[in-house]
Amino acid sequence: MARLTRVQQQERTRAAVLVAAREEFTEHGYTEAKVDRIAERAELTRGAVYSNFTGKRALYLAVLVDDAERAGATAEPPVESPDSAGQALGAFARVWLERLPLADDTPGSGHLQLRSLSGVLDTAPTRAALAELVRFEALLLALALESRPGADTRMVRPAALALTLLHGAAGLAENAPGVGDPFDLANAAEQLADIALTDDAEPPHLPFVAPARSAEDRWAAPGGLRDELTGHPVDLGDDGVVVVLGAARLSAAEEAVRAARPGDEVTIVVVMGDPAETGRLARLRLLDLVGCLRRVFTAGELPKLRVVFDDAGAVPTALGRSSFDDATELGVRVADELIVARAEGRGAGHAVARHDAVDRGWRSRNRTKATT
């Protein structure tokens, strides 16, 4: 029998650790689970576990991400999308509420099904990332709702209210499984689409954001990236706007989306200072949200936004950024395989989305060169 390569052996070890960890978390839940017992279940040393995962938090999140990926792979898309924003919110809530634990679930298994983060987010970076992720989830849900006939132009606040309702129900069900009727909750979510809410003004810092800098830089777009909403490969060489956001700046995605021109391809590239923890947290939340969206909306009616996870930082590196973290915010506008505008810092995505010098300047010069 051929000997396993080092990579194959690492993959086998990692798979064994995940299986053992799932058993441990199912039986004991996150708080009471022990890394030593996980190592014993996997018939490995404690060191072998830590060589693949930085700690119990990273391991728990890895188990949840693995479960979310499995659930997404088996999701059945709808034949057609709901007719209205209210019906879509109700359908989304019904799908989301399927994860609530039942009265006879064990605490550990109920937490896994619920994707419970109770006791997990005990660091400032992970809590800050979660707050931004909830806002980002609300934007993605709102963009799908806004495509429904008769919907308001901006549905972020109703979407955020619906997510608050669902997560509140989850918190109650975690401590008292079986409490709360999912059908009542879904009906309540449906009504949120028609609540009259005053549209929030633009963030106060936007008027003070410096305009993007015009550029004519050749753009060597990194390959091997995937859109998490569709599962399709992403070509960052396409004309449009590319915004790189750290996990603690994801709410800035709305600034770029709202400022983009009609027809712009907008891509949000998510980077993390700690891929093992905040990175897995971000992937977990997005996988769960997208899994629900795919069961409510047809592929053609998913949010017109590309979302890319860039754990290795290939995109900021290609843009000349030698380091990145959870607070990173930078953007570029791409046209004809050139970077024609750049911005960095707070409001960078908004600045490059609004940049219009390319149409009046670079394109006219390029056409002149092409005809000479």
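Summarised in this report is the structure supplied together with it. (Residues numbered from 1 in each chain as written. Predicted model: local features only at pLDDT ≥ 70, side-chain atom pairs only at ≥ 80, totals over all residues. Heavy atoms only, no water.)

## Let's talk about the overall build of the protein
The helix and strand inventory of the protein stands at 14 helices and eight strands. In terms of overall dimensions, the protein is globule-like: its C-alpha atoms have a radius of gyration of 22 Å, near the 21 Å expected for 372 residues. Structurally, the protein occupies a C-alpha span of about 70 × 55 × 40 Å along its principal axes. The buried share among the 372 residues of the protein stands at 51%. Across the protein, contacts joining residues at least 24 apart in sequence account for 76% of those joining residues at least 6 apart. Each charge class in the protein was averaged separately, 43 positive and 55 negative side chains, and the resulting centres sit 5 Å apart. (Helix = DSSP H or I, 4+ residues; strand = E, 2+ residues; numbered from the N terminus. Rg over C-alpha atoms; globule rule 2.2 N^0.38 Å. Buried < 20%, exposed > 50% of the residue type's maximum accessible area, 1.4 Å probe, protein only. Contact = heavy atoms within 4.5 Å. Lys, Arg positive; Asp, Glu negative; His and termini not counted. Charge placed at Lys NZ, Arg CZ, Asp CG, Glu CD.)

## So, the packing of helix α1 (residues 6–32) against helix α2 (residues 35–42)
α2 packs onto α1 with a crossing angle of 145° between their chain directions and a minimal axis gap of 8 Å. When you trace α1 past α2, the crossing you get is right-handed. Along its contact with α1, which presents A16, V17, A20, A21, E23, E24, F25, E27, H28 and E32, the element α2 presents R37, I38, R41 and A42. When grouped by side-chain class, the residues that make up the contact of α1 with α2 number seven nonpolar, one polar and six charged. (Axes fitted to C-alpha atoms, helices over the stretch in contact; angles between N-to-C directions. Left-handed = near helix turned anticlockwise from the far one by under 90°. Nonpolar A, V, L, I, M, F, W, Y, C, P; charged D, E, K, R; others polar.)

## Regarding the sheet that holds strand β8 (residues 338–344)
Taken in spatial order, the six strands make up an open sheet running β1-β8-β7-β4-β5-β6, and their pairing is mixed. Among the strands making up the open sheet, the edge pair consists of β1 (213–218) and β6 (306–309). Taken over all neighbouring pairs, the strand axes of this sheet differ in orientation by 25° on average, direction set aside. Relative to strand β5 (residues 266–271), strand β4 (residues 240–246) runs parallel, the two sharing six bridges. (Pairing = 2+ DSSP bridges.)

## Comments concerning unusual backbone geometry
Positive phi, normally seen in glycine, also occurs at E43, with a value near 55°. Locating E43 in the fold gives a position in the loop between α2 and α3 (46–52). If you check the backbone angles, R115 has positive phi at about 60° while not being a glycine. Structurally, R115 can be placed in the loop between α6 (107–114) and α7 (124–145). On the basis of relative accessible area, R115 is assigned to the buried category, the value being 16%.

## Section: the pattern of salt bridges
Counted according to the given criterion, the structure contains 27 salt bridges. Residue R295 is joined to E98 by a salt bridge in which the shortest nitrogen-to-oxygen separation is 2.9 Å. Taken together, the residues span a long stretch of sequence, with R295 in helix α11 (residues 275–296) and E98 in the loop between α5 (85–96) and α6 at a distance of 197 residues. E98 sits in the partly exposed class, given a relative accessible area of 49%. (Salt bridge = Lys/Arg side-chain N within 4 Å of Asp/Glu carboxyl O.)

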